[in-house]
Every structure is written in structure tokens, then in C-alpha cells.
Amino acid sequence: MTPVDLHCHSNVSDGLLPPDEVVRKAHARGCQLLALTDHDDVRGLPLARKTAAELGLQFINGVEISVSWGKHTLHVVGLGFDDTNPELLAGLASVRAGRAERAERMALSLEKLGMTGVLAGSQKFADNPEMISRTHFARFLVESGRCKDTKSVFKKYLVRGKPGYVEHEWARLHDAIDWIRGAGGVAVLAHPSRYELGNETLRVLLIEFQRMGGEAIEVVSGTHSIADVARFGRLAQEFGYLCSSGTDYHATGEGSREPGLNSNLPTGCVPVWERWLKVPLVDVLPAKLN
């Protein structure tokens, strides 16, 4: 097991726990190096950093930026950047600005199915109003009894081709990478297996991401299977990418792993986190991931 988690979320975006509780939870599970990567917002980082320092846990600034690439929505994780950088902050604010309008369109689409009060109900789950997302809609639809769990909500209503899904233009890929690099950080392509790209399109993305300045891909992810880990480990080595690892934790019971520990990277992969380590990692005995 690797005691590193470079992808997790708090209630500053679509997680359920405050930043300090996410840090404490990861630390309690044996994490030795953590990044908080809320969607399009870095306002949880100061509290997370402070808590990590109190616990003696090594911490890296992180963010996950929503990106439009052609007809695909991608996520780019930024790591190790200056979270006071003006260009980065302005870019993230521009991405957040579109979320409220998207939420209104999603609610209207669901109202056509007879679902009333969805927007107001979903807003109750968004501790940060600027960050209302599909996850908040999913939690409301579960609470209201329309689906048994958030995974079912996404499958039935909130993915492309379903009635609650609406098209939206996020940040452009090169802009997101420029914001991260301009703030001194590393751009990482998050959970690449989730994008359902064909082999040829995936290779085009990996070429373009690298050409634009992207340096790493998430090989180990809470949503990656064993086969995915092996596949993206091979691709990382073929293209010369550094490799990252994260649970993509949002909330206990919502399908993702608990924060703090991940399976090991495949042999031959170069960890992206080596550049930030101040204290060597201590090996963790294998344990069942949950």
C-alpha cells in the first residue's frame, strides 16, 4: 500500500466533510502525503494545510479543474502550486461562475419529468453555493426516495444522454494547464478511464496534454480497476508521464475509497510526488481498500 492520496474532496466543493475532517480521516488511515483537490476552488486549502501541520502530515496544495475538450468533459488536477496566484484564482472563479446557470438548466430538465423542488433541494446539500454540482443533485434525489444511491442517480438521470444532463462549456484544456503551471504547479490528467475515450482518441489526448505542459496522469484512482491501473501505468511509461495516485474521496458510502491509502503504482512508474517529499514514506502493510 502507498500512504499517498493526491485526489480528495471536501465540502468546499462536492465532498461532505469540512477540509480539516478530510485531513484527519486520511491521517487516521495512515496517510503520509495528502493533497486536497476540491473542484474549481482552493478556499479549503488554508484549513487543510493548518490541520495537516498540526498532525505532522505532509501536505500539497491541490485543485481539480473542470475542462471541456471537444465534446468531452475532463478533469485536470493541479498539484504543488501557489494558491494565492492571481491568474489561477481568476481562472477558477470564471469556471465557478457557470455552475449556477447549469444547475438551473438541470433542474428545468428534471421538472419535465415531474420532479419539483429539485434545485432548492439540491442547494441544501451545497455548503459552498458557488459549487453546486451534479453530486448535490444526486444526494437530493436519493434523500427524496427517487433512487437508492448516488450511483443510480447518475446512471438514470445525470450522464450524457439522460434527461437531467445538460451540455456546459468549462475551462479550455490549455487554459487550465497554463493556470496551474503559471502558479508553479504540476498538471495531472485525473482518472483517465472515466472519459470513455476510444484508444485513438485517448492517445490524441495524451499527446495534446503533454504538448500543452501536462506532466502526469492519475494511474491509481478510486475509480480505476486493476486492469485500468496496469493500462495507464503502461501508457505513462510509453509517453514519459509522471504517475499520480488518489482515492477521489467525496463521502463515505458513495462508492469511492476512504481517503489516505492507495494501491502501489505499477513497476517502472515514476511517482509525481517525489518532488515534494520532505520526509521519506514509511511502507504500509497491504490492507483491504474501502
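Residues numbered from 1 in each chain as written. Predicted model: local features only at pLDDT ≥ 70, side-chain atom pairs only at ≥ 80, totals over all residues. Heavy atoms only, no water.

- As recorded in an unreviewed UniProt entry, the chain goes by PHP domain-containing protein and comes from Deefgea chitinilytica.

## Quick word on the overall build of the chain
And step 1. Scanning the chain from terminus to terminus reveals ten helices and eight strands.
And step 2. Its C-alpha atoms give the chain a radius of gyration of 18 Å, near enough to 19 Å, the size a compact globule of 290 residues would have.
And step 3. Its C-alpha atoms put the chain at 55 × 40 × 40 Å along the principal axes.
And step 4. The burial tally for the chain puts 56% of its 290 residues in the buried class.
And step 5. Taking the contacts inside the chain whose residues are at least 6 apart along the sequence as the reference set, 74% of them involve residues at least 24 apart.
And step 6. Only carbon and sulfur atoms are counted for the fraction: they give 53% of the accessible area of the chain, which is about 12600 Å².
And step 7. Put simply, the chain has 33 plus and 35 minus side-chain charges, and the middle of one group is 5 Å from the middle of the other. (Helix = DSSP H or I, 4+ residues; strand = E, 2+ residues; numbered from the N terminus. Rg over C-alpha atoms; globule rule 2.2 N^0.38 Å. Buried < 20%, exposed > 50% of the residue type's maximum accessible area, 1.4 Å probe, protein only. Contact = heavy atoms within 4.5 Å. Areas by Shrake-Rupley, 256 points an atom, 1.4 Å probe, with all protein chains shown as cover. Lys, Arg positive; Asp, Glu negative; His and termini not counted. Charge placed at Lys NZ, Arg CZ, Asp CG, Glu CD.)

## Observations regarding the pairing of strand β2 (residues 33-36)
And step 1. The side-chain alternation of β2 yields two buried faces, one formed by L33 and A35 and the other by L34 and L36.
And step 2. Where strand β1 (residues 4-5) lies against β2, two bridges are found, and the strand directions are parallel. Residue D5 lies in a different strand from β2, and its bridge partner there is L34.
And step 3. Crossover handedness for the path β1 to helix α1 (residues 19-28) to β2: right-handed.
And step 4. Where β2 meets strand β3 (residues 58-69), four bridges bridge the pair, whose relative direction is parallel. Looking across to β3, one finds that A35 is bridged to I60. (Pairing = 2+ DSSP bridges. Right-handed = clockwise from strand over helix to strand, strands pointing away.)

## Considering the side chain of R257
And step 1. Relative to the helices and strands, R257 is located in the segment after β8 (242-246).
And step 2. One buried charge, R257, has no salt-bridge partner; the nearest side chain with opposite charge is D5, at 8.6 Å. (Salt bridge = Lys/Arg side-chain N within 4 Å of Asp/Glu carboxyl O.)

## Topic: the packing of helix α9 (residues 199-211) against helix α10 (residues 226-239)
And step 1. Following both chains from N to C, one finds α9 and α10 inclined at 45°, their axes separated by 12 Å at the closest point. The pairing of α9 with α10 is recorded here as oblique in orientation. Regarding α9 and α10, the two cross each other, and that crossing is right-handed. Every residue of α10 that contacts α9 at N199, L202, R203, L206, I207 and Q210 is listed here: R231, F232, L235, E238 and F239.
And step 2. Its residues assigned to classes, the contact of α9 with α10 comprises six nonpolar, two polar and three charged. (Axes fitted to C-alpha atoms, helices over the stretch in contact; angles between N-to-C directions. Parallel < 35°, antiparallel > 145°, perpendicular 65-115°, else oblique. Left-handed = near helix turned anticlockwise from the far one by under 90°. Nonpolar A, V, L, I, M, F, W, Y, C, P; charged D, E, K, R; others polar.)

## A look at helix α2 (residues 45-55)
And step 1. Residues L45, A48, T51 and A52 constitute the buried set of α2. Along α2, the residues classed as buried sweep out an arc of 135° about the axis, all on the same side. Exposed side of α2, more than 90 degrees from the buried face: K50 and A53 are the residues found there.
And step 2. Following α2 by one or two positions, G56 adopts a phi angle in the positive range, close to 75°. (Arc of directions from axis to C-beta.)

## Regarding the pattern of salt bridges
And step 1. Summed over all chains, the structure comprises 16 salt bridges.
And step 2. Note that E54 is salt-bridged to K50, the shortest N-O span being 2.7 Å. One end of the pair, E54, and the other, K50, are both in helix α2, four residues apart, so they sit about a helical turn from each other.
And step 3. With relative accessibility at 49%, the residue E54 sits in the partly exposed group.

## Overview of α9
And step 1. The end-to-end C-alpha distance of α9 is 18 Å, a good match for the 18 Å that 13 residues give at a rise of 1.5 Å each.
And step 2. For α9, every residue scored as buried is listed here: L202, L205, L206 and F209. Down the axis of α9, the buried side of the element spans an arc of 100°, and every buried residue falls inside it. Away from its buried face, by an angle of more than 90 degrees, α9 presents the exposed residues E200 and R211.
And step 3. Residues of α9 that are buried make contact with β3, β4 (72-79), α8 (173-182), β6 (186-189), β7 (216-221) and α10.
And step 4. Where α9 terminates, the next one or two residues include G213, which has phi positive at roughly 115°. (Expected span 1.5 Å × (residues − 1).)

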